[in-house]
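# Overview (structure and organization)
Spelled out, the chains give:
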Amino acid sequence: MLSSHIFRAYDIRGIYGKDFDEEGAYLIGKGFAAFLLRKSPNKKLTVVTGRDGRLSGKTLLESFQNGLLESGVDVMDIGMIPSPMLYFAISEGGYDGGITITASHNPKEYNGIKLQRDHAHSVCGEDIQKVMRIIEEREFVFSEKRGVLREEDFRERYFSKLRSLISFQRKKRPTIVIDAGNGIAGTFSPAFFRSLGCEVIDLFCEVDGNFPNHDADPEREENLRALKEQVIALKADFGIAFDGDGDRVGLVDEKGRHYSADLLLLLLARDILKRNPGAPIVYDLKSTEVLTEEIKKCGGVALMCKTGHSFVEEMMEKHGALLGGEVSGHLFIAENYYGFDDALLASARLIEIIWDSKKPIAGHLKDLPKTFVTPEIKVKIEEEKKFEIMERIREHFLIEYPDALTIDGIRIDFGEGVWGIVRASNTSPYLTTRFEARSEEKLKEIQRIAFRHLETYPEISGIPSVD
């Protein structure tokens, strides 16, 4: 079973048992092997594999590995790991590619596959479609000699590398509450922060693919309720939340306040530009205008790109950027590191910056211009019609706003730091919207402009009331 629509912009993701199953994973394994062998036809390839804690992960991984092995590709299995550890293993070992079985922050009925080529670069966009076409046309590689499967543990090498990049100046270490949302980061993140000397309180760190407490999505405020309560009750210094596969992070301060990831990127940008004046900083087009202004103020080059971790990664590589990020919580650090999205490194670096300054997060942000910005507002839409309807929405608004940015959905700039965006999610049956203005009245006005049009489509539901 394998539905073509699960081959998305930057990964493969769908409902297990409906959109794909073990047979589908096996075919994707054979398709990925053929894709890699086309690029390196005379090379003996080794692909690193891992998975998160989802219930279907074990059998899907075994099936995928079998597709690789039958194609003559060697497999190094590094077990149940957060995605950044797999990226690290590929980069550190110089392997030919890698995959992790994960659906990231999606609900429990989902699973998926993230494909990586050499140097842990995402297989995305047209390359993912190439893998799909190989499968559809059965253009597989047949090998007389089966590949070799072996296992290796990268945990200590990974921890050691991250520790070499973090250096607290204060002797006293912070107290941190970690909410892993029952995702795979719960197996690793508390141990890592304890190895830095921090006092750590675990919250939902037992890996459970049923996600019994809340979705492992740190972007959404409702998933942070328990974390905020624990930080306040225990008088902790920070709260950290991770997504299902440990590549996205949310941060809560000592008063239980959550900060969107574009503001976390702003703190990292200020820090990195002190050492690297003029450096490019990459961010997605849902980010606050304040971030753009602050990067320029600090002497950096502000580069906006499409939403999606692979698109941030591509632009960083193209421009030699040392830092990138997006509102969803993916944060990429390339200063003395490999430049992929690593929530464990990003959260440790942020806590190091804030803790050593002896100022709370709010103190770092108090000098910023006052704006009114919504979180990401997601409205439901029929998956099969999502991109078709998004195209119609884009064409509608271009009539009145011909200068709108259309690299990803449509982003309308109303002037003076006022903007709104509507885009189709690449991972879920949603349209994502976000708005920013310099007054509450203007914020409501631009939301009404967008929502009134969305309400004309019967396929869209869950549009919030502005008033």
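From a predicted model like this one, the values you see are computed outputs, not experimental measurements. Each chain has its residues counted from 1, following the order in which its sequence is written. With pLDDT at 70 or above as the cut-off, local features in this predicted model cover only qualifying residues; side-chain atom pairs require 80 or more to be listed or tallied, and sums for whole chains, interfaces and linings still use all residues. The side-chain figures draw on all heavy atoms in the structure; neither hydrogens nor water molecules are used.

## Quick notes on the layout of surface pockets
- Cavities and pockets are found on a 1 Å grid laid over the protein atoms alone: a cavity is a set of points where a 1.4 Å probe fits but cannot escape, a pocket is an open set with protein on both sides within 12 Å along at least five of seven lines, and a lining residue has an atom within 4 Å of such a point. Grid points are joined across faces, edges and corners, and a volume is the space filled by probe spheres set on the points. For the largest pocket, the calculated volume is near 900 Å³.
- Forming the walls of the largest pocket are 33 residues, and the residues nearest its centre are S260, V373, T374, P375 and R434.
- Numbering of helices and strands starts at the N terminus; helices are DSSP runs of H or I of at least 4 residues and strands are runs of E of at least 2. Elements with a contribution of two residues or more to the lining of the largest pocket: β10 (249-252), β11 (258-259), α8 (261-275), β16 (372-373) and α14 (440-454).
- A total of three residues in the lining of the largest pocket trace back to one element, the largest contributor, which is α8.
- Its residues assigned to classes, the lining of the largest pocket shows 14 nonpolar, nine polar and ten charged. Residue polarity is assigned by list, with Asp, Glu, Lys and Arg as charged and Ala, Val, Leu, Ile, Met, Phe, Trp, Tyr, Cys and Pro as nonpolar; anything else, Gly included, falls into the polar class.

## Side note on the side chain of E313
- The topology assignment puts E313 in helix α10 (residues 309-319).
- Buried and unpaired, E313 has R117 as its nearest opposite-charge partner, separated by 5.9 Å.
- Should any heavy atoms of two residues lie within 4.5 Å, those residues are counted as being in contact. Here E313 is in contact with A120, H121, S122 and F332, once residues within four sequence places are set aside. Throughout, exposure labels follow a simple rule: accessible area from a 1.4 Å probe, protein chains only, divided by the maximum for the residue type, with under 20% read as buried, over 50% as exposed, and the rest as partly exposed. The positive count covers Lys and Arg only, the negative count covers Asp and Glu only, and His and the chain ends enter neither. Any Lys or Arg side-chain nitrogen located within 4 Å of an Asp or Glu carboxyl oxygen qualifies as a salt bridge.

## Side note on the packing of helix α13 (residues 386-400) against α14
- Where α13 contacts α14, the two axes come as close as 11 Å, and the packing angle between them is 130 degrees. Classified by the interaxial angle, the pair formed by α13 and α14 is oblique. Seen along the crossing, α13 lies across α14 with a hand that is right-handed. Across the interface between the two elements, I393, H396 and F397 of α13 pack against I449, A450, H453 and L454 of α14. Think of each axis as a best-fit line through the C-alpha atoms, taken over the contacting stretch in the case of a helix, with angles from 0 to 180 degrees between the N-to-C directions. To sort the angles, those under 35 degrees are grouped as roughly parallel, those over 145 as roughly antiparallel, those from 65 to 115 as roughly perpendicular, and the leftovers as oblique. Put simply, a crossing is left-handed when the front helix is turned counterclockwise from the back one by less than a right angle, and right-handed when it is turned clockwise.

## Here's the deal with the sheet that holds strand β5 (residues 110-117)
- Any two strands between which DSSP finds at least two bridges are classified as paired. Reading across the sheet, the six strands line up as β1-β5-β4-β2-β3-β6 and stay open at both edges, with mixed pairing between neighbours. On the outer flanks of this sheet lie β1 (12-15) and β6 (149-151), each paired with one strand and no other. Direction aside, the axes of adjacent strands within the sheet are offset by 20 degrees on average.
- Bridging between strand β2 (residues 46-51) and strand β4 (residues 97-101) involves five bridges; their strand directions are parallel. Across the sheet, the residue bridging to R51 is I101, located in β4.
- On the sheet, helix α1 (residues 22-39) packs against β1, β2, β4 and β5 and is oriented at approximately 15 degrees with respect to β5.

## What about the pattern of salt bridges?
- On inspection of all chains with the given rule, the structure shows 38 salt bridges.
- For R220, the salt bridge goes to E222, with nearest N and O atoms at 2.9 Å.
- Judged by relative accessible area, which is 38%, E222 ranks as partly exposed.
- Among the salt bridges present, the one from R349 reaches E335, with a minimum N-O distance of 3.8 Å. A residue pair is termed long-range when its members are at least 10 positions apart, and R349 in helix α11 (residues 343-357) and E335 in the loop between β15 (331-333) and α11 qualify at 14 residues. Grouping residues by exposure puts R349 and E335 together as buried.
- A cluster of three or more residues bridged by salt bridges with shared partners is formed by D271, R275, E335, R349 and E352.

## Some remarks on the sheet that holds β11
- Taken together, the five strands give an open sheet; going across it, the order is β8-β7-β9-β10-β11, and neighbouring strands pair in mixed fashion. Looking at the sheet topology across the chains shown, the edges are occupied by β8 (199-203) and β11.
- Of the pairings in the sheet, the one linking strand β9 (residues 238-242) to β10 comprises four bridges and is antiparallel in character. Looking at the pairing, F242 lines up with V249 of β10.

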